[in-house]
Amino acid sequence: MWINTWTGWFVFFIIVQIIHFLGTWKLYVAAGKKAWEAAVPIYNAWVLLDIIKRPKWWIILLFLPIISPIMIMILWVDFIRCYGKRGLGDALLVIFTLGFYIYYLNYVEKPRYTGPEERKETFISAILFAVILATIIHTYFVQPMIVPTGSMENTIKIGDALFVSKNAYGTRIPNTPIAVPFADLFSRNLFVEKAQLPYERIPGWQKVKKNDIVVFNFPTDSIYGPLDRKDNYVKRCVATPGDIVQVKNGELFINNEKFVPKNDAQMQTSYLVMSKTAFSPKLLKEQLDQTEADYKVSRVQQGYAYEFAGLTEQMAQQLKNNPNIISVEKIIAPEGVPAFGVFPKGAPWNADWYGPLQVPKKGMTIDLNIETLGNYIDVIKKYEDKNIVVSDGKLTIDGKPADKYTFEHDYYFMMGDNRHNSWDSRFFGFVPDTHIIGKPFFTWANFNQIAGFEPKNGWHLERWFTVPNNGNPNKTSYLWVGVILLVIFFGWDFFFKKKKKK
């Protein structure tokens, strides 16, 4: 049975309360409580925390997705220990029987209440507390991510380790509440798919704006069904709900005005450079940060032809100033020649000649005809969950005749700053508001050299402890501040433990 509606979760909650009551009421009585106190939802958790002498605010953790399963197991173990079951075997038994070991104690053994044991800080308890705290931060406040591709080069580099604020645009309640903590960092399979919460979001303090760098779930990811288990992408939002997007001769226009990126954006496009002589790979690496994987070179009649995958305008100008350069030209796809996989399907567009196309807005109504259906049918089906049928020239939506449609969500158009090397909204389409994760606010490291990314081109220490996405082109590294804080932290920890031993 799928649990993916609030009604389903309410029924599940009531069933859990009944199971809890039937398995614990005698143990509640043994602890000096009333039998009915084990039956009242939420209040029974309050009473249970009193029985095991744990902080009452823990009740909040019992209802947080992802955190809740961990807390329930902790309470199971604490509960049976209050009745003399303090061995490792008992703890494992109550966990692996999903709490039903408590039924045996309640009806068969009927142990007396001895109260909680004297609690001492142990390595395991410290690790468990750290996992819970980190899971809360990771799930509801700040998510770390490492950028695996170069679609945002050089604004964000391959291997950049980002901290992403989930509160900026509003924290999204996890769709899969039963999952292994941090599973999304190494595997997206460690979750219970059949238990899904409906989409809900806690309001944030700002809305997605044009020019924001945004982290979102890849819309067309077909591998993982649940929304929060889809791959994470990072791109620049170039158009917000209601905007009209168009790319002409490689230039982006929004609402017929040329798009001006933030000052710290380092936009890249592909260039063809004709040179009289060959460049030294070492020179290209040192002066343009271009490794041999970033360009192709071939011998031509005039000299050498270099096809660079991505250069900024500053890099292109630097090459133009070289006396050995014959020409420097952007590589622009011909107009009217469709690119493979372009969105929407069948449109005669490519990365350099795209649109015009309007981004759907919540409450926006469109006439349903051949053109609009081609542009928006995937959106209406996939993200608005409507059943569209065309039969005998007539169109129905969810079984009702329709000649207009009003969108129920806001959508965004995302593009990478590395314009010719980015799989973005020009190919996978609009990004629904439901897929927005957050906003990168801190680059704390770059792991290009060790994380298996290609090409490996150094540690980029100048990117450590910098602030992206702020419009300031002069990125100051505060790595020295981080080093000082680490020294103070570990130094104080060492001093405190040494003092405690004395």
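What counts, and where the lines are drawn
Residues numbered from 1 in each chain as written. Predicted model: local features only at pLDDT ≥ 70, side-chain atom pairs only at ≥ 80, totals over all residues. Heavy atoms only, no water. Helix = DSSP H or I, 4+ residues; strand = E, 2+ residues; numbered from the N terminus. Buried < 20%, exposed > 50% of the residue type's maximum accessible area, 1.4 Å probe, protein only. Contact = heavy atoms within 4.5 Å. Areas by Shrake-Rupley, 256 points an atom, 1.4 Å probe, with all protein chains shown as cover. Lys, Arg positive; Asp, Glu negative; His and termini not counted. Charge placed at Lys NZ, Arg CZ, Asp CG, Glu CD. Pairing = 2+ DSSP bridges. Salt bridge = Lys/Arg side-chain N within 4 Å of Asp/Glu carboxyl O. Core = buried A, V, L, I, M, F, W, Y, C linked by side-chain atoms within 4.5 Å. Phe/Tyr/Trp six-rings, centres within 6.5 Å; stacked < 30°, edge-to-face > 60°. Lys NZ or Arg CZ within 6 Å of the ring centre and 35° of its normal. Polar contact = N/O pair within 3.5 Å; in protein donor to acceptor, adjacent residues only side chain to side chain.

Caption draft 1: How the structure looks around the overall build of the protein. Of regular secondary structure, the protein possesses 13 helices and 20 strands. Summarising its shape, the C-alpha atoms of the protein cover approximately 95 × 80 × 35 Å along the three principal directions. Burial statistics for the protein: of 502 residues in total, 46% are counted as buried. At a minimum sequence separation of 6, the contacts of the protein that also span at least 24 residues come to 66%. When the accessible surface of the protein is summed, it comes to about 26,800 Å², and 62% of that surface belongs to carbon and sulfur atoms. Averaging the coordinates of the 57 positive side-chain charges in the protein and doing the same for the 46 negative ones gives two points 9 Å apart.

Caption draft 2: Seen up close, unusual backbone geometry. In the segment running from Phe 343 into Pro 344, the intervening peptide bond is cis, with an omega of -10 degrees. Its location among the elements puts Pro 344 in the loop between β11 (325-330) and β12 (354-358). In this model, Gly 355 is joined to Pro 356 through a cis peptide bond whose omega is 10 degrees. Positionally, Pro 356 belongs in strand β12. Within the chain, Asp 289 stands out as a residue other than glycine whose phi angle is a positive 55 degrees. Within the secondary structure, Asp 289 sits in the loop between α9 (281-288) and β9 (295-299). The phi dihedral of Asn 469 is positive, around 65 degrees, even though this residue is not glycine. Locating Asn 469 in the fold gives a position in the loop between β20 (436-446) and α13 (479-501). Under the relative-accessibility criterion, Asn 469 is labelled buried at 7%.

Caption draft 3: A look at the side chain of Ser 68. You can see Ser 68 is positioned in helix α4 (residues 67-81). Using a relative accessible area of 15% as the deciding quantity, one classes Ser 68 as buried. When residues no more than four places from it in sequence are discounted, the contact partners of Ser 68 are Leu 61 and Leu 62.

Caption draft 4: Expanded view of the sheet that holds strand β16 (residues 400-401). As summarised here, the arrangement of the three strands in space is β14-β15-β16, forming an open sheet in which the pairing is antiparallel. Only two strands of the sheet have a single neighbouring strand rather than two, namely β14 (388-391) and β16. Across four bridges, the pairing between β14 and strand β15 (residues 394-397) is antiparallel. Paired with Val 390 across the strands is Leu 395, a residue of β15.

Caption draft 5: Broad picture of the pattern of salt bridges. Applying the stated rule across the entire model yields 20 salt bridges. The closest approach of N and O atoms between Asp 367 and Lys 404, which form a salt bridge, is 2.4 Å. With a gap of 37 residues between them, Asp 367 in strand β13 (residues 365-367) and Lys 404 in strand β17 (residues 404-406) connect regions that are remote in the sequence. With relative accessibility at 42%, the residue Asp 367 sits in the partly exposed group.

Caption draft 6: Local environment of the nonpolar core. Among the nonpolar cores identified, the biggest contains 34 residues, and Ile 51, Ile 52, Ile 67, Met 71 and Phe 79 are the most heavily contacted of them. Elements with a contribution of two residues or more to this core: α1 (6-30), α2 (43-51), α3 (58-61), α4, α5 (88-96), α6 (101-109) and α7 (123-140). Looking at this core element by element, the count peaks at nine residues for α4. Of all hydrophobic cores here, the second largest spans 31 residues; its members include Ile 254, Leu 357, Ile 397 and Phe 430.

Caption draft 7: Main features of the sheet that holds strand β3 (residues 213-217). With respect to topology, seven strands assemble into an open sheet ordered β1-β2-β20-β3-β4-β18-β19, the strand pairing being antiparallel. The sheet is open, and its two borders are formed by β1 (142-146) and β19 (431-432), each paired with just one other strand. The pairing of strand β2 (residues 160-165) with β20 spans six bridges and is antiparallel. Considered in β20, the bridge of Ser 165 is made with Lys 439.

Caption draft 8: Highlighting the packing of aromatic side chains. Scanning the entire structure with this criterion turns up 35 aromatic pairs. When the ring of Tyr 103 is compared with that of Tyr 107, the centres are 6.1 Å apart and the planes differ by 40 degrees; the resulting orientation is tilted. Separated by four residues within a single helix, Tyr 103 and Tyr 107 lie in helix α6, roughly one turn from each other. The partly exposed category is assigned to Tyr 103, whose relative accessible area is 23%. Tyr 107 gets classed as partly exposed once you look at its relative accessible area, which sits at 34%. Plain terms: the ring middles of Phe 407 and Tyr 411 are 6.3 Å apart, the flat faces sit at 70 degrees to each other, and that makes the pair edge-to-face. For Tyr 411, a relative accessible area of 0% gives the class buried. Aromatic ring contacts, followed pair by pair, group Phe 343, Trp 349, Tyr 354, Tyr 376, Tyr 383, Tyr 405, Phe 407, Tyr 411, Phe 413 and Phe 430 into a single cluster. Here the basic side chain of Lys 56 rests over the ring of Trp 46, its NZ or CZ set 5.7 Å away from the ring centre.

Caption draft 9: The side chain of Glu 153, seen in detail. With respect to the helices and strands, Glu 153 occurs in the loop between β1 and β2. For Glu 153, a relative accessible area of 12% gives the class buried. A polar contact is formed between the side chain of Glu 153 and the backbone nitrogen of Ile 158, at a distance of 2.6 Å. Ignoring anything within four residues of it in the chain, the contact list for Glu 153 reads Ile 158, Gln 266, Gln 268, Asp 417 and Asn 418.

Caption draft 10: Quick look at the pairing of β9. Here five bridges tie β9 to strand β10 (residues 304-311), and the two strands are oriented antiparallel to one another. Bridge pairing in β10 links Lys 296 to Glu 307. Here β9 hands over to β10 after four residues, with Gly 303 in that stretch at a positive phi of 155 degrees.

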